[in-house]
Amino acid sequence: MKKEFAVIGLGRFGGSICRELSREGMEVLALDLDEDKVNEYRDIASHAVIADSTDENVLRELGLRNIDHVIVAIGDNIQASMLTTLILEEMGIKKITVKAQNDYHEKILNKIGADHVVHPERDMGKRIAHNIISNNILDYIELSDDHSVVEVIAGNKLSGQSLMELDIRAQYGCNVVAIKRGKEINVSPMATEEIEKGDILIVIGADKDIGRFEKHLIAEE
Ligand code: ATP
């Protein structure tokens, strides 16, 4: 059976999720207080309704209970975002993803039953900052409060050496879990694998260890 989604709040973030889910052929119920926003999504989402998500009766009438995954993308109105999350949790929605506006909001959302809290502005800021620190760092994804994955492009200093010679695990405490070369991806590369300039290394580890590895890469530039 096709998975059903509801997106509450059709700002830039919620709107983009709604478009993408619809493009992927998913059933999406798009909901917003604002009539103009809802009209914008009439031809995109499976259903688009004008409603206030803080009204429990409205959500029940719309049959939200039967939806697999609800995304709450209300930004500025933190109170409405929290109340909506609480109502959805009480309705027994299986999966609730909520956009947090700040750390305080995030903490409360976790406490009141959001399954997944996203903080797109902060996360994107971090990813861009790491890319700014070193041109060799292509991407940075936070796994937890203190562990991350980085994508590093191999320059002159790494090239021509095997993973064994580079000894990244012993030197920096992080692990190279895959190497991308053009379209090929080598998952769990052998220690004898030699790095070529332009290879992309996927490195996983504790933030402090990744930080030391990043410093090594800056020294390379
Ligand atoms: P963006 O994703 O564009 O950065 P934002 O984080 O600034 O958006 P807002 O513009 O504050 O978020 O809210 C997103 C949408 O949520 C708006 O279109 C707004 O009308 C809608 N919204 C706010 N409160 C409610 C509510 N109680 N019920 C339904 N929709 C709501």
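In this text, all values refer to a predicted model and were calculated from it rather than measured experimentally. (Residues numbered from 1 in each chain as written. Predicted model: local features only at pLDDT ≥ 70, side-chain atom pairs only at ≥ 80, totals over all residues. Heavy atoms only, no water.)

(A) Representation of the overall build of the protein in the model. Each helix and strand in the protein was counted, giving 9 helices and 11 strands. Relative to its length of 221 residues, the protein is extended, with a C-alpha radius of gyration of 22 Å against a globular reference of 17 Å. For the protein, the C-alpha atoms occupy an extent of roughly 65 × 35 × 30 Å along the three principal directions. By residue count, 42% of the 221 residues in the protein fall in the buried class. When contacts within the protein are restricted to residue pairs at least 6 apart in sequence, long-range pairs at least 24 apart make up 52% of them. Taken as two groups, the 26 positive and 40 negative side-chain charges of the protein have centres that lie 2 Å from each other. (Helix = DSSP H or I, 4+ residues; strand = E, 2+ residues; numbered from the N terminus. Rg over C-alpha atoms; globule rule 2.2 N^0.38 Å. Buried < 20%, exposed > 50% of the residue type's maximum accessible area, 1.4 Å probe, protein only. Contact = heavy atoms within 4.5 Å. Lys, Arg positive; Asp, Glu negative; His and termini not counted. Charge placed at Lys NZ, Arg CZ, Asp CG, Glu CD.)

(B) Quick look at the side chain of D209. Along the chain, D209 turns up in helix α9 (residues 207-220). Among residues more than four places away in sequence, those in contact with D209 are Y172, G173 and C174.

(C) Region of interest: the sheet that holds strand β6 (residues 116-118). Ordered in space as β3-β2-β1-β4-β5-β6, the 6 strands form an open sheet in which the pairing is parallel. Each end of this open sheet is capped by a strand with a single partner; those strands are β3 (47-50) and β6. Between one strand and the next, the sheet's axes are offset by a mean angle of 15°, whatever the strand orientation. Direction of pairing for strand β1 (residues 4-8) relative to strand β2 (residues 27-32): parallel, over a ladder of 5 bridges. (Pairing = 2+ DSSP bridges. Axes fitted to C-alpha atoms, helices over the stretch in contact; angles between N-to-C directions.)

(D) Structural context of the packing of aromatic side chains. A full pass over the atoms with the stated rule returns 1 aromatic pair. Ring geometry for Y172 against F213: centres 5.4 Å apart, planes inclined by 55°, an arrangement best described as tilted. Of the two residues, Y172 sits in helix α8 (residues 168-172) while F213 sits in helix α9, which places them 41 residues apart along the sequence. Note on accessibility: Y172 and F213 belong to one class, buried. (Phe/Tyr/Trp six-rings, centres within 6.5 Å; stacked < 30°, edge-to-face > 60°.)

(E) Structural detail: the site of the ligand. The environment of the ligand is formed by 20 residues, the closest being R12, F13, D32, D76 and K99. A distance of 3.3 Å is found between a nitrogen atom of the ligand and a backbone nitrogen or oxygen belonging to L33. G75 has a polar backbone atom sitting 3.2 Å from an oxygen atom of the ligand. Here the ligand loses 85% of its free accessible area of 640 Å² to cover by the protein chains. (Near = heavy atom within 4 Å. Polar contact = N/O pair within 3.5 Å; in protein donor to acceptor, adjacent residues only side chain to side chain. Areas by Shrake-Rupley, 256 points an atom, 1.4 Å probe, with all protein chains shown as cover.)

(F) Molecular detail of unusual backbone geometry. Positive phi, normally seen in glycine, also occurs at D167, with a value near 50°. According to the relative accessible area criterion, D167 is partly exposed, its value standing at 32%.

(G) Up close: the pairing of β3. Summarising the sheet, β2 and β3 pair through 4 bridges and their orientation is parallel. Bridged to D32 within β3 is I50. A crossover links β2 with its parallel partner β3, the connecting element being helix α2 (residues 35-40), and its sense is right-handed. (Right-handed = clockwise from strand over helix to strand, strands pointing away.)

(H) Focus on a nonpolar patch on the surface. Nonpolar side chains collect at one region of the surface, where M124, I128 and I132 lie side by side and expose about 300 Å² of accessible area between them. Locating I132 in the fold gives a position in helix α6 (residues 120-133). Residue I132 is classed as exposed on the basis of its relative accessible area of 62%. (Patch = residues over 30% accessible without salt bridge, like charges linked within 9 Å, V, L, I, M, F, W, Y side chains within 5 Å. Salt bridge = Lys/Arg side-chain N within 4 Å of Asp/Glu carboxyl O.)

(I) Quick peek at the pairing of β2. Most of β2 sits inside the fold, with 5 of its 6 residues counted as buried. On the question of chirality, the crossover connecting β1 to the parallel β2 by way of helix α1 (residues 12-23) is right-handed.

(J) Representation of α1 in the model. Between its terminal C-alpha atoms α1 stretches 16 Å, which fits the 16 Å expected from 12 residues at 1.5 Å a residue. The complete set of buried residues in α1 reads G14, G15, C18, L21 and S22. For α1, the arc enclosing every buried residue in end-on projection is 135°, short of the 170-degree limit, so these residues lie on one face. In this structure, α1 carries R12 and R23 as exposed residues pointing more than 90 degrees from its buried face. In this structure, the buried residues of α1 make contact with β1, β2 and β4 (69-72). (Expected span 1.5 Å × (residues − 1). Arc of directions from axis to C-beta.)

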